[in-house]
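A structural walkthrough
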Amino acid sequence: MDAAEPDSIGAGVRGRTFTLRPLAWQARSGASGVAPVSTRLAGSNYVYTTDKAALDLTGSLAIAVLVAMDDWTPTATQNIAGKYETTAATRSFLFSVLSSGVFRFAAAVGGTSSGVDVNSGAGTAPGFTNGSVQWIGVDRDGSTGTVRFWRAAATADRSLPSSWTQVGTDKAASATAINNSTAELRIGVSAGSNFLVGDVHRFVLFSGNLTAGSVVADFLGGSLGGDAYGNTWALS
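Residues numbered from 1 in each chain as written. Predicted model: local features only at pLDDT ≥ 70, side-chain atom pairs only at ≥ 80, totals over all residues. Heavy atoms only, no water.

**Considering the packing of aromatic side chains**
Cut-off, in case you're wondering: Within 6.5 Å between ring centres, the rings of Phe, Tyr and Trp (the latter by its six-membered ring) count as paired, and their orientation is classed by plane angle as stacked under 30 degrees, edge-to-face over 60, tilted in between.
Summed over the entire model, instances satisfying the criterion amount to seven aromatic pairs. Counting every residue linked through ring pairs, the aromatic cluster contains Phe95, Phe103 and Phe149.

Shown next as structure tokens:
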């Protein structure tokens, strides 16, 4: 980032400001160069876009997030991203990191408020250095219900990884269709709790899996407003 760029912006924010943070990429992730801009989530704010048909993924889906959590084994679960609020009508899917550092995926299926709740398993926490920038992900096979968790090294230009490493093993889960909910797609919170504390560099939602799916939402940290897929991102 050029030194003349501003360090905060208020456009598109529900009464808040957020910080554009040029991070020392080498210090945070071991890669060379300077990190791209990120959006800081401080434990009480989140990024969102309103619901629309393209985001109502009821079968196969995948989530990829380039993020630096302040604590990769937080004192309580931190919600990374999803469409998952309090009732069947407002619950679809959710990706989280548990206090142990293990990855979790939950989904509401069959018109109920629950149905899928799996994690990568005991002992599978990647052991990331606190504050380091990492790609993390999850995908769900709509034909079988199988859930897989993933990790990849940070990419200096925020491009999607060319390859992923599976975290844990395949997790069996219900193949029943995920609820088509009215919830916003939110990064950093679910149902007003378990906020993410860290820096979000990029978030991508796919219809399909991580390597062959079609992108339906793409948020770049520090950049509120529209993406290439017709979503308008704002900060609350």
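Anyway, onward from the coordinates.
**Observations regarding the sheet that holds strand E6 (residues 78–84)**
Spelled out, the test is: Should DSSP find at least two bridges between two strands, the strands are taken to pair. Only runs of H or I of at least four residues qualify as helices and only runs of E of at least two qualify as strands under DSSP, and these elements are numbered from the N terminus.
The sheet built from eight strands is open, its strands ordered E9-E8-E7-E6-E13-E4-E17-E16 with antiparallel pairing. Strands with a single pairing partner mark the edges of an open sheet, and in this sheet they are strand E9 (115–119) and strand E16 (225–226). Alignment of E6 against strand E7 (residues 91–97), held across six bridges, turns out to be antiparallel. Across the sheet, Asn79 pairs through a bridge with Ser96, a residue of E7.

**Overview of the environment of Ala108**
So the rule is basically this: For each residue, the accessible area found with a 1.4 Å probe, counting protein chains only, is set against the maximum for its type, and the residue is called buried under 20%, exposed over 50%, and partly exposed in between. We call two residues in contact when some of their heavy atoms are within 4.5 Å.
Positionally, Ala108 belongs in strand E8 (residues 103–108). A relative accessible area of 0% places Ala108 in the buried class. On a C-alpha basis, the gap between Ala108 and Tyr84 in space is 8.2 Å, while along the polypeptide they are 24 residues apart. In contact with Ala108, other than residues within four places in its own chain, are Tyr84, Arg91, Ser92, Ser113, Ser114, Ala177, Ile178 and Asn179.

**Describing the environment of Thr77**
Along the chain, Thr77 turns up in the loop between strand E5 (61–69) and E6. Taking the relative accessible area as the measure of exposure, Thr77 reaches 23% and is therefore partly exposed. Setting aside anything within four residues of it in sequence, one finds Thr77 in contact with Ser96, Val97, Leu98, Ser99 and Asn194.

**Some thoughts on the pattern of salt bridges**
Where we set the bar: We count a salt bridge whenever a side-chain nitrogen from Lys or Arg sits within 4 Å of a carboxyl oxygen from Asp or Glu.
Throughout the structure, instances matching the rule amount to nine salt bridges. In this structure, a network of salt bridges that share partners links the residues Arg40, Asp70 and Asp199.

**Some remarks on the pairing of E8**
Of all the six residues making up E8, six are buried; the element is thus mostly covered by neighbouring parts of the structure. Of the two faces of E8, the one holding Phe103, Phe105 and Ala107 and the one holding Arg104, Ala106 and Ala108 are both buried throughout. Alignment of E7 against E8, held across five bridges, turns out to be antiparallel. Across the sheet, the residue bridging to Phe93 is Ala107, located in E8. Bridging between E8 and E9 involves five bridges; their strand directions are antiparallel. Pairing of Ala106 across the sheet is with Asp117, part of E9.

**With respect to the pairing of strand E10 (residues 134–140)**
For E10, the tally of buried residues reaches seven of seven residues, placing the bulk of the element in the interior. The alternating pattern of E10 places Gln134, Ile136, Val138 and Arg140 and Trp135, Gly137 and Asp139 on opposite faces, both of which are buried. Pairing between E5 and E10: seven bridges, direction antiparallel. The residue of E10 that forms the bridge with Leu61 is Arg140. Note that E10 and strand E11 (residues 147–153) share seven bridges and pair antiparallel. Opposite Ile136, over in E11, you have Arg151 as the bridge partner.

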